[in-house]
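Examining the three-dimensional arrangement
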Amino acid sequence: YMTTNNIYSLYLAGKRICAPFLLIESDIIFYSDLLEPMTYPDRIALADPASWMNGTCVAMDEKKKAVSFHDQIPETPQPSLKKTVNIYSFSLQSWQRVKVKLEQEILRGNTQAYYETVFKKLVKKGQLDLTGVMFEPGAWYEIDTLKDLAEAEALFGRNKGHKPKHQANAKTVFPSMEQLCII
């Protein structure tokens with residue numbers, strides 16, 4: 001993690017992935033019931049961009065399909081652009097295509113990239129079909145800094161005894177998934 005980026009982490013994890021799976025970045029906090037629609041194959045969690053967000057965004061079509069990946073959220077809002085929440089589900093068929101591209105990038109020495117680099121190329125070529133699942137504001141947060149941690153604690157009501165809008169589901173949220181990959 002000190003000398004590589006998430007593309008290399010996913011590449012290493014990929015050696016053990018042999019079934020449909022959820023890919024979840026470990027710096028995301030969210031209510032578990034949000035994962036239910038992500039248990040279907042080939043989904044991408046998305047949110048409407050907010051001022052605190054940065055990073056990859058995705059242009060969506062009217063059928064909620066990803067049509068292109070963009071490295072940053074533009075300063076001027078565009079209704080079709082959504083921020084990635086860094087949670088994905090993959091069918092085995094899609095994963096095989098992603099895995100081939102990951103290996104190509106790693107063999108080129110591209111270990112400092114984000115795995116979205118691979119997703120971007122595959123979507124552009126029509127080789128990866130991802131359906132968007134919207135995550136509402138206040139139901140998730142990405143923690144990259146101590147300030148983010150404080151914001152997440154305030155948002156999720158830590159030590160306030162408040163009941164969240166979303167309740168954790170007692171049933172498993174992975175009924176059709178055999179694996180979970182947390183990067």
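Computed from a predicted structure; not experimentally measured.

Our focus in this paragraph is the pairing of strand 4 (residues 57–60). Residues of strand 4 alternate between two faces, with Cys-57 and Ala-59 on one and Val-58 and Met-60 on the opposite face, all of them buried. Sheet analysis places strand 4 next to strand 5 (residues 66–70), joined by four bridges and oriented antiparallel. Bridge pairing links Ala-59 to Ser-68 in strand 5. Between the antiparallel neighbours strand 4 and strand 5 lie five residues, among them Lys-64 with a positive phi of about 65°.

Glancing now at the packing of aromatic side chains. What the rule picks out here adds up to nine aromatic pairs. Taking 5.2 Å as the distance between ring centres and 40° as the angle between the ring planes, the aromatic pair formed by Tyr-115 and Phe-119 counts as tilted. Both residues of the pair, Tyr-115 and Phe-119, count as buried.

Turning to the packing of helix 1 (residues 6–14) against helix 2 (residues 92–107), a few remarks are in order. Taken N-terminus to C-terminus, the directions of helix 1 and helix 2 make an angle of 120°; their axes are 10 Å apart at the nearest point. The pairing of helix 1 with helix 2 is recorded here as oblique in orientation. In this structure, helix 1 meets helix 2 at a crossing whose hand is left-handed. The residues of helix 2 that touch helix 1, namely those facing Ile-7, Tyr-8, Leu-10, Tyr-11 and Gly-14, are Trp-95, Lys-99, Leu-102, Glu-103, Glu-105 and Ile-106. A class-by-class count of the residues in the contact of helix 1 with helix 2 yields seven nonpolar, one polar and three charged.

Below, the discussion takes up the side chain of Asp-42. Within the secondary structure layout, Asp-42 lies in the loop between strand 2 (28–30) and strand 3 (43–47). Buried within the structure, Asp-42 lacks any salt-bridge partner; Arg-97 is the closest side chain of opposite charge, at an N-O distance of 5.7 Å. A polar contact of 2.9 Å, which involves the side chain of Asp-42, links it to the side chain of Ser-94. Apart from the residues within four sequence positions on either side, Asp-42 is in contact with Ser-89, Phe-90, Ser-91, Ser-94, Asp-129, Leu-130 and Thr-131.

Before going further, it helps to spend a moment on the packing of helix 2 against helix 3 (residues 116–124). Interaxial distance between helix 2 and helix 3 falls to 10 Å at its minimum, and their mutual angle equals 120°. Judged by the inter-axis angle, helix 2 sits oblique to helix 3. As helix 2 runs across helix 3, the sense of the crossing is right-handed. Of the residues in helix 3, those touching helix 2 at Arg-97, Val-98, Lys-101, Leu-102 and Glu-105 are Val-118, Phe-119, Lys-121 and Leu-122.

So, how was this worked out
Residues numbered from 1 in each chain as written. Predicted model: local features only at pLDDT ≥ 70, side-chain atom pairs only at ≥ 80, totals over all residues. Heavy atoms only, no water. Buried < 20%, exposed > 50% of the residue type's maximum accessible area, 1.4 Å probe, protein only. Helix = DSSP H or I, 4+ residues; strand = E, 2+ residues; numbered from the N terminus. Pairing = 2+ DSSP bridges. Phe/Tyr/Trp six-rings, centres within 6.5 Å; stacked < 30°, edge-to-face > 60°. Axes fitted to C-alpha atoms, helices over the stretch in contact; angles between N-to-C directions. Parallel < 35°, antiparallel > 145°, perpendicular 65-115°, else oblique. Left-handed = near helix turned anticlockwise from the far one by under 90°. Contact = heavy atoms within 4.5 Å. Nonpolar A, V, L, I, M, F, W, Y, C, P; charged D, E, K, R; others polar. Lys, Arg positive; Asp, Glu negative; His and termini not counted. Salt bridge = Lys/Arg side-chain N within 4 Å of Asp/Glu carboxyl O. Polar contact = N/O pair within 3.5 Å; in protein donor to acceptor, adjacent residues only side chain to side chain.

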